[in-house]
Protein chains: 2
Amino acid sequence: MRLTKSTDLALRVVMSLAVIGEEESTIAKIADAMQVPYSHLAKVAAQLQRLGLVESRRGRGGGLRITAAGLRASVGGLVRRLEGEGDVVDCEGATPCPLNSSCRLRGALRRAQEAFYASLDPLTVEDLTRSPTGPVLVGLVAVNP
Amino acid sequence: MRLTKSTDLALRVVMSLAVIGEEESTIAKIADAMQVPYSHLAKVAAQLQRLGLVESRRGRGGGLRITAAGLRASVGGLVRRLEGEGDVVDCEGATPCPLNSSCRLRGALRRAQEAFYASLDPLTVEDLTRSPTGPVLVGLVAVNP
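The paragraphs below set out a description of the structure included in this document. (Residues numbered from 1 in each chain as written. Chains lettered and ligands numbered in written order. Predicted model: local features only at pLDDT ≥ 70, side-chain atom pairs only at ≥ 80, totals over all residues. Heavy atoms only, no water.)

**Topic: the relation of the copies chain A and chain B**
Step number 1: Once turned by 180° and shifted 0.0 Å along the axis, chain A lies on chain B with an RMSD of 0.0 Å. Here the transformation between the copies is reduced to the relation of a two-fold axis.
Step number 2: Comparing contact sets, 100% of the residues at the interface of chain A also lie at the interface in chain B, consistent with an isologous, same-surface contact. (Least-squares fit on C-alpha atoms with pLDDT ≥ 70 in both. Contact = heavy atoms within 4.5 Å.)

**A look at the interface of chain A and chain B**
By convention, interface size is frequently given as the accessible area that disappears when the constituent parts associate.
Step number 1: Taken together, the contacts link 43 residues of chain A with 43 residues of chain B.
Step number 2: Summing the contributions of chain A and of chain B, the shared interface buries around 4100 Å²; its carbon and sulfur component is 65%.
Step number 3: Between chain A and chain B we count 2 salt bridges in total.
Step number 4: Between A:Arg2 and B:Asp90 there is a salt bridge, with its nearest N and O atoms 3.6 Å apart.
Step number 5: Mapped by element, the contributors of at least two residues to the side of chain A that touches chain B are helix 1 (5–20), helix 6 (104–120), helix 7 (125–128) and helix 8 (133–141) of chain A. (Buried area = accessible area lost by both parts, 1.4 Å probe. Salt bridge = Lys/Arg side-chain N within 4 Å of Asp/Glu carboxyl O. Helix = DSSP H or I, 4+ residues; strand = E, 2+ residues; numbered from the N terminus.)

**Digging into the pattern of salt bridges**
Any two side chains of opposite charge can pair, so long as their charged atoms come close to each other.
Step number 1: The final tally for this structure, using the stated rule, is 22 salt bridges over all chains.
Step number 2: For B:Glu55, the salt bridge goes to B:Arg65, with nearest N and O atoms at 3.5 Å. Within this pair, whereas B:Glu55 is found in strand 1 (residues 54–56), its partner B:Arg65 is found in strand 2 (residues 64–66), the two being separated by 10 residues in sequence.
Step number 3: Residue classification places B:Arg65 among the partly exposed positions, given a relative accessible area of 25%.
Step number 4: Shared partners join several salt bridges into a network, and the residues in it are A:Asp87, A:Glu92, A:Arg106 and A:Arg110. (Buried < 20%, exposed > 50% of the residue type's maximum accessible area, 1.4 Å probe, protein only.)

**Here we look at the side chain of A:Thr67**
Step number 1: Residue position: A:Thr67 is located in the loop between strand 2 (64–66) and helix 4 (68–72).
Step number 2: Relative accessible area serves as the criterion here: at 13%, A:Thr67 is assigned to the buried category.

This is the structure:
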């Protein structure tokens, strides 16, 4: 069972920015810390901006910062939005399953997916940065640690 | 959030065989009904045999049949075994995450994953074949419907 690579990165970005709070970081710095391509991280950062969780300042010395809404965001809610509405198996792909709406498995997997998200609902992005996670992250992403 | 393609197929195979009970089907018939490659389905069927959920009879007229253990198998237990021990994000891939064991997100995602499986635990393979699923499946997979 896997989340998408974009969701994985988005969670790391908000955690990284949450831990430095009012400070800023840059896409380049975070991409370097996470050893992922700059272009992929830039797309993820743009999506987080659209969701109002991150704000950016352009130009020389500009960077990324978490918003107040980003700090308070529910991890379950965030993962729901990042993952979208899809099923955990391929019910409606290029060759849709003939069972489709009469499938008991589909309903069961939807309830299981909801249980997954519900387990993450009470947790906020800020919660994820408490010790021991926070201190390790600070050194990785702060531009001037 | 996605299960692997192999888990998806394995669930469809046990459901398909459960619905025809004492009857047999063949890998070719099921692969055709599900519009998936024969070779992929053969691997999945071999895995289900190793788990004792399916039995096969070789040779001309031979086929696949669900076992009593297969009918009673918990869907949660089955998905756990098929998916293995991995994390839902890439904690230990080619470039392991520097947070790793000090990561609060990792723990939270493990609990969420467990909530997903736990939601499927009370359900058996046989439960998945009750109406309206069963009647639709019979026509698809029985060799002599």
